[in-house]
Amino acid sequence: MASAELLYKQANDAFFEDDYDEALELYNKAIDLDATNPEYFLKRSATYQKMKKKGKESLADAEKALSLIESNEHTEQDSIKAKALLRKGIALFELKNYQEAKKSLESSKELNPNEKSLATWLKKTEAELEKIPKPTPTPPDSAGFLSQSRVRHEWYQNDNFVIVSIFIKNVKKETVDVYMTEKSLSVTVKLPTGSDYSLELEPLAHEIVPKESKYEVLSTKIEIKLKKANAGAKWGVLEGEDAVVGSGAYPSSAKRAKNWDALEKEISKEQEKPEGEAALNSLFQQLYKDADDDTKRAMLKSYTESSGTCLSTNWGEVSKGNVETKPPEGMIAKKWTS
């Protein structure tokens, strides 16, 4: 029976005669007899490379040779390790992993800078790396950062809590500041753009118990649970009678939340008598302020569900179903998407 060394020599002869199928068969037999010689794996790695479409096998043999070299402390390793790193770099190049190929080839050069083929493979690898497009810096707003004006909030209730949800994704808990009193809720969130988002609800429609209220920062939203002071009471609206109709949420660049509703009232006193849409909004607010709870519910429901095209004070009628959007004649209603 032929020895591993003899089979290895015969395999080398076949390799030099370009008979790669025969060489591969003989290298396989040599390795079956002696799987501790890194030279056998390096030659088989080279054979795989010559056979094309065998990049994974070529890389596996180069890495096996490296592991054998590094585990053998009694061998002069530098020259053979340089060969193994070169073979690994070539295999990675064939697999189009140019970044890792460059690292392996440069490591080989450190051990044996006189290897003639190294310069060629390094040039080829760097040429391929140059072809890879460099990433273009993306402005913050188009990189997925949330614009302040697009933040929305919603609320619902059960017998014990009023739950307010502010929809901002991937917020860190340390960037959220929530402050509550018996009749108010103030939320400030530091946005990725560097500015703040503020939600001011004051006064709330009914009293809450701040000590028993809590909030949680989730992956898609901030959820605030306001403990009702009067359990079982049904809130018709989130804000009280003194509040301006609307979300109460404004973008802010200030570090602390501000009472925008109060500021808005002060400014409105200094302005001239409103006209057009401003006059309509003023009338709406005055009607809402002086209305009873059922009328308020009717006004809010009709105005919101109709996208601002209908306003009803008849809760008995409005409560029966959704209020349809009815744009002025000659106009088309379109949904607003954020």
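Just so we're clear, the structure is a prediction, and the values are computed from it rather than from any experiment.

1. Here's the deal with the overall build of the chain
Line of reasoning, step 1. When helices and strands are tallied, the chain shows eleven helices and eight strands.
Line of reasoning, step 2. Buried positions account for 35% of the 338 residues belonging to the chain.
Line of reasoning, step 3. Within the chain, residue pairs in contact and separated by at least 24 positions form 52% of the contacts whose partners lie at least 6 positions apart.

2. Remarks on the UniProt feature "repeat: TPR" (unreviewed entry) in the chain
Line of reasoning, step 1. Per the UniProt entry, the sites bearing "repeat: TPR" (unreviewed entry) are residues 4-37 and 82-115 in this numbering.
Line of reasoning, step 2. As annotated, residues 4-37 comprises 79% helix and 0% strand, and the C-alpha atoms at either end are separated by 10 Å.
Line of reasoning, step 3. Annotated as 79% helix and 0% strand, the span residues 82-115 places its first and last C-alpha atoms 9 Å apart.

3. Regarding the sheet that holds strand 6 (residues 214-217)
Line of reasoning, step 1. Taken in spatial order, the four strands make up an open sheet running 1-2-7-6, and their pairing is antiparallel. Edge positions in the sheet fall to strand 1 (152-157) and strand 6, since each has one partner strand and no second. Taking each pair of neighbouring strands and ignoring which way they run, the sheet shows an average axis angle of 15°.
Line of reasoning, step 2. Where strand 6 and strand 7 (residues 222-227) come together, four bridges link them in antiparallel fashion.

4. Topic: the nonpolar core
Side chains that are nonpolar tend, in soluble globular proteins, to be buried together.
Line of reasoning, step 1. Formed by 28 residues in total, the largest nonpolar core has its most connected members in Ile166, Leu185 and Leu226.
Line of reasoning, step 2. Breaking this core down by element, the ones donating at least two residues are strand 2 (161-167), strand 3 (176-181), strand 4 (184-190), strand 5 (196-201), strand 7 and helix 9 (276-290).
Line of reasoning, step 3. Apart from the residues within four sequence positions on either side, Leu185 is in contact with Val164, Val178, Tyr179, Met180, Leu199, Glu200, Leu201, Leu204, Ile224 and Leu226.

5. Remarks on the pattern of salt bridges
Line of reasoning, step 1. All chains considered together, the criterion is met by 13 salt bridges.
Line of reasoning, step 2. Notably, a salt bridge pairs Lys83 with Glu39, separated by 3.3 Å at the nearest N-O pair. Of this pair, Lys83 sits in helix 5 (residues 78-94) while Glu39 sits in helix 3 (residues 38-50), and the two are 44 residues apart along the sequence.
Line of reasoning, step 3. Among the ionic pairs, Lys81 bridges to Glu70, the shortest N-O distance being 3.5 Å. Residue Lys81 is located in helix 5, and its partner Glu70 is located in helix 4 (residues 55-71); the two are separated by eleven residues in the primary sequence.

6. Some details on a negative patch on the surface
Line of reasoning, step 1. Taken together, the side chains of Glu17, Asp18, Asp19, Asp21 and Glu22 define an acidic patch exposed on the protein surface.
Line of reasoning, step 2. In this structure, Asp21 sits in helix 2 (residues 20-33).
Line of reasoning, step 3. For Asp21, a relative accessible area of 57% translates into the label exposed.

7. What about the confidence of the model for the chain?
Line of reasoning, step 1. Averaged over all residues, the pLDDT of the chain is 80; the fraction at 70 or higher stands at 79%.
Line of reasoning, step 2. pLDDT under 50 marks residues 242-258. Its contacts with residues more than four places away, or in other chains, come to 51 contacts.

8. Describing helix 1 (residues 4-16)
Line of reasoning, step 1. The first and last C-alpha atoms of helix 1 sit 18 Å apart over 13 residues, in line with the 18 Å expected at 1.5 Å per residue.
Line of reasoning, step 2. What helix 1 keeps buried is the set Ala4, Leu7, Tyr8, Ala11, Asn12, Ala14 and Phe15. Axial view of helix 1: buried residues confined to an arc of 160°, hence all on one face. Residues Glu5, Lys9 and Phe16 are exposed on helix 1 and point more than 90 degrees away from its buried face.
Line of reasoning, step 3. Buried residues along helix 1 sit against helix 2 and helix 3.

9. Some points on the packing of aromatic side chains
Aromatic rings considered in pairs are described by the distance between their centres and by the relative angle of their planes.
Line of reasoning, step 1. This model, assessed by the stated rule, comprises six aromatic pairs.
Line of reasoning, step 2. For the pair Phe93 and Trp121, a centre-to-centre distance of 5.4 Å together with 75° between the ring planes defines the contact as edge-to-face. In this pair, Phe93 is assigned in helix 5 and Trp121 in helix 7 (residues 116-131), connecting sequence segments 28 residues apart.
Line of reasoning, step 3. Aromatic ring contacts, followed pair by pair, group Tyr8, Tyr27 and Tyr40 into a single cluster.
Line of reasoning, step 4. A cation over a ring is seen here: Arg152 above Phe167, with NZ or CZ 4.2 Å from the ring centre.

10. Considering the packing of helix 3 against helix 4
Line of reasoning, step 1. Axis separation between helix 3 and helix 4 bottoms out at 8 Å; the angle between their running directions is 165°. As judged from the angle between their axes, helix 3 and helix 4 are roughly antiparallel. The handedness of the crossing between helix 3 and helix 4 is left-handed. For the pair formed by helix 3 and helix 4, the contact residues are Pro38, Phe41, Leu42, Arg44, Ser45, Tyr48 and Gln49 on the first element and Glu57, Ser58, Asp61, Ala62, Lys64, Ala65, Leu68 and Ile69 on the second.
Line of reasoning, step 2. For the contact of helix 3 with helix 4, a count of residues per class yields eight nonpolar, three polar and four charged.

About the criteria used
Residues numbered from 1 in each chain as written. Predicted model: local features only at pLDDT ≥ 70, side-chain atom pairs only at ≥ 80, totals over all residues. Heavy atoms only, no water. Helix = DSSP H or I, 4+ residues; strand = E, 2+ residues; numbered from the N terminus. Buried < 20%, exposed > 50% of the residue type's maximum accessible area, 1.4 Å probe, protein only. Contact = heavy atoms within 4.5 Å. UniProt positions renumbered as here; feature names shortened; annotations may be inferred. Pairing = 2+ DSSP bridges. Axes fitted to C-alpha atoms, helices over the stretch in contact; angles between N-to-C directions. Core = buried A, V, L, I, M, F, W, Y, C linked by side-chain atoms within 4.5 Å. Salt bridge = Lys/Arg side-chain N within 4 Å of Asp/Glu carboxyl O. Patch = residues over 30% accessible without salt bridge, like charges linked within 9 Å, V, L, I, M, F, W, Y side chains within 5 Å. Areas by Shrake-Rupley, 256 points an atom, 1.4 Å probe, with all protein chains shown as cover. Lys, Arg positive; Asp, Glu negative; His and termini not counted. Charge placed at Lys NZ, Arg CZ, Asp CG, Glu CD. pLDDT = per-residue confidence, 0-100. Expected span 1.5 Å × (residues − 1). Arc of directions from axis to C-beta. Phe/Tyr/Trp six-rings, centres within 6.5 Å; stacked < 30°, edge-to-face > 60°. Lys NZ or Arg CZ within 6 Å of the ring centre and 35° of its normal. Parallel < 35°, antiparallel > 145°, perpendicular 65-115°, else oblique. Left-handed = near helix turned anticlockwise from the far one by under 90°. Nonpolar A, V, L, I, M, F, W, Y, C, P; charged D, E, K, R; others polar.

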